[in-house]
Amino acid sequence: MAERPSAREAVALLTGSFAEHAPPPRSSAPDGPLSWEGYGASRARAADRTGEAESVVYGTADVGGRSCVVLAFEFGFLGGSLGERAGDRLEAAYRLARERRVPLVSLVATGGSRMQEGMVALTQLQRVARESVLLREAGVPHLTVLRDPATGGGWATVGAGADVILALPGAQVGFAGSRVRPADADPAAYTAEGQLAAGHVDAVVRPEELRGTVTRWLTALTSPAPEVPPPAALSPTPLPATGWDAVRQARDPARPRAEAYLDAYFTDRLPLVGDRCGGTDPGTPCGIGLRPDGRSVVYVAQCGTATRPAGYRTAARVIRLADRLGLPVLTLVDTPGAANDAEAERAGAGAAIADAFTAVAGARVPVTTLLIGEGGSGGALALAAPSRTWATPDSYFSVIAPELAAAILKRPPEEAPHTAEQLHLRPQDLLDLGLIRGIV
């Protein structure tokens, strides 16, 4: 097995310069707060072996020309475990980032809390949680890189509590360390790749690409665009003559989809993956995009499929992140409606849609919406900005699909075109009703 990089090697992989800081010294009994026999000697051996005074190193750094605070766990020091002195360093690193208003970058490699300090060690997680809250309230971004391993309380606070979560390939990632997992546990669930598939990690990044990727993220997180004009229409399709024409144009398989609009609008995109509850929805890509002027906009897009609960939860998570960091938001609406199968209901479709509605309604940053295809009922409206929604000529918005409306009204299927006309769902109808600001 290859030797794990030290904390300082991990820092050097990422930064152009690093100035170490240290918290005020703490006095403690030789064998710690529990008088654990041999603990003092274990600490001394760890210090001799690693050259570090504790399991955490932190300081100010330059990453791709951007100032930030970097903290790194030294796994060689008692498994990168969290004790009282490590808690001092974590608290100081968060506070330094908050006071200087620069991003925090954490390089996590830890086995969890330090048993030799008992509950004193475990309560360091509460200190980290408090500092995380203060950092968020200050609008300062936190990006973490999960090294091998990232387990226990270090993963469940420093790692999983970050705004953006990257991981190195093959890293062990999970709350349970390798020695305490159930014997029949699926090992894939405890890997960086498994966590990415479950929506708990935003990207798996190779070491040689780490500095460039983190630089791109720091730019995206700290360069808000001043405004978000709606994208231009990508189709020459004229405005529909009838309601049924609008429905057919929006359902045309050749119509431009969200990916085409995102590619045209942004020069670079960084994905934010998953709802952090174990779910992902490929039909609802989210992330931060860079405009041609280098400014960033958070995006949430629907790709023409029925949106899953995980999609709405991911969208809500990303919109709230944008609001904390002062980043404007672009949403692209295109869905026949929310997924309504039994699995979606068990996954909390109603609550997820409600969460998306409230995230958009509560946003203090500008949210701009472009309707680019089907606008199916509340499943589409949940991601539409009140008073800041535009539409393309090949789109429609309706309280319900015309076929379903006809069925509810006990009309035969051939009445769907007439029902579409009654619903006033064309872009020009929406404009006349004051429901959109314009047609792009």
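Before any of the text, the structure's been laid out above.
Residues numbered from 1 in each chain as written. Predicted model: local features only at pLDDT ≥ 70, side-chain atom pairs only at ≥ 80, totals over all residues. Heavy atoms only, no water.

Trainee: Provide a residue-level description of unusual backbone geometry, including the pertinent values.
Mentor: In this structure, proline 149 follows aspartate 148 across a cis peptide bond, with omega equal to -5°. In this structure, serine 35 takes a positive phi of about 55° despite not being glycine. Relative to the helices and strands, serine 35 resides in the loop between β1 (17-21) and α2 (39-50). Backbone geometry places leucine 78, a non-glycine residue, at a positive phi of 50°. Relative to the assigned elements, leucine 78 resides in the loop between β3 (66-73) and α3 (84-100). Of the residues examined, leucine 78 reaches a relative accessible area of 23% and is grouped as partly exposed. (Helix = DSSP H or I, 4+ residues; strand = E, 2+ residues; numbered from the N terminus. Buried < 20%, exposed > 50% of the residue type's maximum accessible area, 1.4 Å probe, protein only.)

Trainee: Can you break down the packing of aromatic side chains residue by residue, with the values?
Mentor: Counted by the stated rule, this structure contains two aromatic pairs. For the ring pair tyrosine 265 and phenylalanine 266, a centre distance of 5.1 Å and an interplane angle of 90° mean the geometry is edge-to-face. A relative accessible area of 5% places tyrosine 265 in the buried class. The buried category is assigned to phenylalanine 266, whose relative accessible area is 6%. (Phe/Tyr/Trp six-rings, centres within 6.5 Å; stacked < 30°, edge-to-face > 60°.)

Trainee: Residues and numbers for the environment of isoleucine 165, please.
Mentor: Inspection of the secondary structure puts isoleucine 165 in strand β6 (residues 164-167). Among the residues examined, isoleucine 165 registers a relative accessible area of 0% and is labelled buried. Not counting residues up to four positions away in its chain, the partners in contact with isoleucine 165 are Thr144, Leu146, Trp155, Gly159, Ala160, His200, Val201, Asp202, Ala203 and Arg276. (Contact = heavy atoms within 4.5 Å.)

Trainee: So, the pairing of strand β10 (residues 286-290): which residues are in play, and what are the values?
Mentor: Counting buried residues along β10, five of its five residues qualify, which places the element largely inside the surrounding structure. Relative to β10, strand β9 (residues 268-271) runs antiparallel, the two being bridged by four bridges. Along β10, the bridge assignment pairs proline 271 with glycine 287. (Pairing = 2+ DSSP bridges.)

Trainee: I'd like to hear about a nonpolar patch on the surface, residue by residue, with values.
Mentor: A cluster of nonpolar side chains, contributed by Leu34, Trp36 and Met115, occupies part of the molecular surface with about 350 Å² of accessible area. Within the secondary structure, tryptophan 36 sits in the loop between β1 and α2. (Patch = residues over 30% accessible without salt bridge, like charges linked within 9 Å, V, L, I, M, F, W, Y side chains within 5 Å. Areas by Shrake-Rupley, 256 points an atom, 1.4 Å probe, with all protein chains shown as cover. Salt bridge = Lys/Arg side-chain N within 4 Å of Asp/Glu carboxyl O.)

Trainee: How would you sum up the nonpolar core? Please name residues and give values.
Mentor: Counting 60 residues, the largest nonpolar core has Val105, Leu107, Leu143, Val214, Trp217 and Ile288 as its most contacted members. Among the elements that take part in this core, helix α11 (residues 309-325) stands out by supplying eight residues, more than any other. In this structure, Leu90, Val102, Ile165 and Ala192 belong to the second largest nonpolar core, which totals 33 residues. (Core = buried A, V, L, I, M, F, W, Y, C linked by side-chain atoms within 4.5 Å.)

Trainee: Explain the packing of helix α9 (residues 243-250) against helix α16 (residues 416-423) to me, using residue names and the numbers behind them.
Mentor: Running from N to C, α9 and α16 cross one another at 100°; their axes reach a closest spacing of 7 Å. With respect to α16, the element α9 is oriented roughly perpendicular. In this structure, α9 uses Gly243, Trp244 and Val247 to contact α16, whose residues at the interface are Ala416, Pro417, Ala420 and Glu421. Residue classes in the contact of α9 with α16 are distributed as five nonpolar, one polar and one charged. (Axes fitted to C-alpha atoms, helices over the stretch in contact; angles between N-to-C directions. Parallel < 35°, antiparallel > 145°, perpendicular 65-115°, else oblique. Nonpolar A, V, L, I, M, F, W, Y, C, P; charged D, E, K, R; others polar.)

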